[in-house]
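# Analysis of the macromolecular model
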Amino acid sequence: MDLQELRASIDQIDQSLLSLFAQRMDLSAQVAAFKREHGLPVLDAGREQEKLKSVAAQLPEELQEYGLSLYDLLFELSRARQNQLLGVGSSLTEEITHAIRDTESLFPPNASVACQGVAGAYSQLACEKLFRRPDLLYFSNFEAVFSAIEKGLCRYGVIPLENSTAGSVNMVYDLMMRHNFRIVRSVRLKIDHNLLAKPGVKLEDIRAVYSHEQAIAQCSDFLQQHPEITVVRCANTAEAAKLVAKSDRSDIAALSSRSCAQLYGLNCLLPSCQDQGNNYTRFICISRDLEIYPGADRTSLMMVLPHRPGSLYKLLSRFYALGINLNKLESRPLPDRDFEFMFYFDLDTSVYSPQFIQLMGELDEVCESFTYLGSYSEVV
């Protein structure tokens, strides 16, 4: 047969498959009705395992993996359909419903906000983009910001999560596993690193540059062009500018924001030192309590999956079955387990969609444990 004839044969088979798929999903709906009547759970793991063994036994060896993948997806679709028909919920879905109802209609323009660093830090600039008049409290490290939220010292905290050039802030992801918090909003901030030094100092005089490790990574091309300059890491870019301003040395500079030049009386020796002009950092705004403001269209989750083949695939299949887009997937090692990971997900889904509520009610089936971090919108 030629290619057209082969494709015509495939089309005929597809028509049969579609008809059989519709019949299978109809029977699945009848199974859901039976389970409702008899109080049975949607997931029957033993039945699925026996079915997979039967599928593998009926296929030639070279097609077994393909067949198992197909039936894994069919099971996910069938369970999703049954959960939808049964209106499966959980205490979490109730909490989310209450948060949507009880949260104010407008994001507060003024609030007490914790951030890491000192005046002039990029975290401060992110706060000022989120709030009109934030009452800022500065802390020396990210963990102190999380603790301030947990203890109720501030209503909100602002933390950098990832950069478009240097990638994720791994320390923050590790801290997220150890602290209780919710994400209520996020913001993308344009990052512009400038080489700042005391008045009268020239570029050729500089022998050391101070900055945060992320800023250093984002300005690697500039630093490689000046091998005579020693790099000194600081806790924060604004702290680096403050250190340069207070130092007795005249051969040091800081990679920091333009606002720090004005704040600490420094001159800009070289503007925009970052490798790429399209350099953004994403900050999250966290709180102790769950707050879901109108327009929330992004959801963040942390999950620990069973340590066996196909666990992540099954979860991703559930997203696919519900038509939910995945914006970000990050993994971090679990400190008390060998080569096992916590997975962080950003989902692109409206908090008001039935698919979102359905997913929240189904997650217990597909993961060992999970933490719902919040649903929110992002300020660009």
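Note: the structure precedes this text.
### Things to note about the overall build of the protein chain
The helix and strand inventory of the protein chain stands at 13 helices and 16 strands. For the protein chain, the C-alpha radius of gyration of 26 Å lies well beyond 21 Å, the compact-globule estimate for 380 residues. Each of the three principal axes of the protein chain carries a C-alpha extent, and together these read 80 × 55 × 40 Å. Restricting the contact set of the protein chain to residue pairs at least 6 apart, pairs at least 24 apart contribute 76%. Element-wise, carbon and sulfur atoms account for 51% of the exposed surface of the protein chain, whose accessible area totals about 19,200 Å². In the protein chain, which carries 37 positive and 48 negative side-chain charges, the distance between the mean positions of the two groups comes to 6 Å.

### Describing helix α3 (residues 64–86)
In this model, α3 (23 residues) spans 32 Å end to end at C-alpha, consistent with the 33 Å of a helix rising 1.5 Å per residue. Inspection of α3 places G67, D72, L74, F75, E76, S78, R79, A80, Q82 and N83 among the buried residues, and these make up the whole buried set. For α3, the secondary structure elements touched by its buried residues are α1 (3–38), α2 (45–58), α12 (311–321) and α13 (354–366).

### Quick word on the packing of aromatic side chains
The geometry of an aromatic ring pair is captured by the separation of the ring centres together with the interplanar angle, meaning the angle of the planes. For the coordinates displayed, the defined rule picks out 9 aromatic pairs. Both rings, one in F131 and one in Y156, keep their centres 5.5 Å apart while their planes meet at 35°; by these two values the pair is tilted. Of this pair, F131 sits in the loop between α5 (122–130) and β2 (133–139) while Y156 sits in strand β3 (residues 156–163), and the two are 25 residues apart along the sequence. Chaining the aromatic ring pairs together yields one cluster made of F107, F131, Y156 and Y293. The ring centre of F107 lies 4.4 Å from the NZ or CZ of R185, which sits over that ring.

### Topic: the packing of α2 against α3
For the pair α2 and α3, the least separation of the axes is 9 Å and the interaxial angle reads 150°. The orientation of α2 relative to α3 falls into the category roughly antiparallel. Classified by chirality, the crossing of α3 by α2 is right-handed. Residues E48, K51, L52, V55 and A56 of α2 form the contact with α3, whose participating residues are Q64, G67, L68, Y71, D72, F75 and R79. In terms of residue class, the contact of α2 with α3 is made up of 6 nonpolar, 2 polar and 4 charged.

Conventions we followed
- Residues numbered from 1 in each chain as written.
- Predicted model: local features only at pLDDT ≥ 70, side-chain atom pairs only at ≥ 80, totals over all residues.
- Heavy atoms only, no water.
- Helix = DSSP H or I, 4+ residues; strand = E, 2+ residues; numbered from the N terminus.
- Rg over C-alpha atoms; globule rule 2.2 N^0.38 Å.
- Contact = heavy atoms within 4.5 Å.
- Areas by Shrake-Rupley, 256 points an atom, 1.4 Å probe, with all protein chains shown as cover.
- Lys, Arg positive; Asp, Glu negative; His and termini not counted.
- Charge placed at Lys NZ, Arg CZ, Asp CG, Glu CD.
- Expected span 1.5 Å × (residues − 1).
- Buried < 20%, exposed > 50% of the residue type's maximum accessible area, 1.4 Å probe, protein only.
- Phe/Tyr/Trp six-rings, centres within 6.5 Å; stacked < 30°, edge-to-face > 60°.
- Lys NZ or Arg CZ within 6 Å of the ring centre and 35° of its normal.
- Axes fitted to C-alpha atoms, helices over the stretch in contact; angles between N-to-C directions.
- Parallel < 35°, antiparallel > 145°, perpendicular 65-115°, else oblique.
- Left-handed = near helix turned anticlockwise from the far one by under 90°.
- Nonpolar A, V, L, I, M, F, W, Y, C, P; charged D, E, K, R; others polar.

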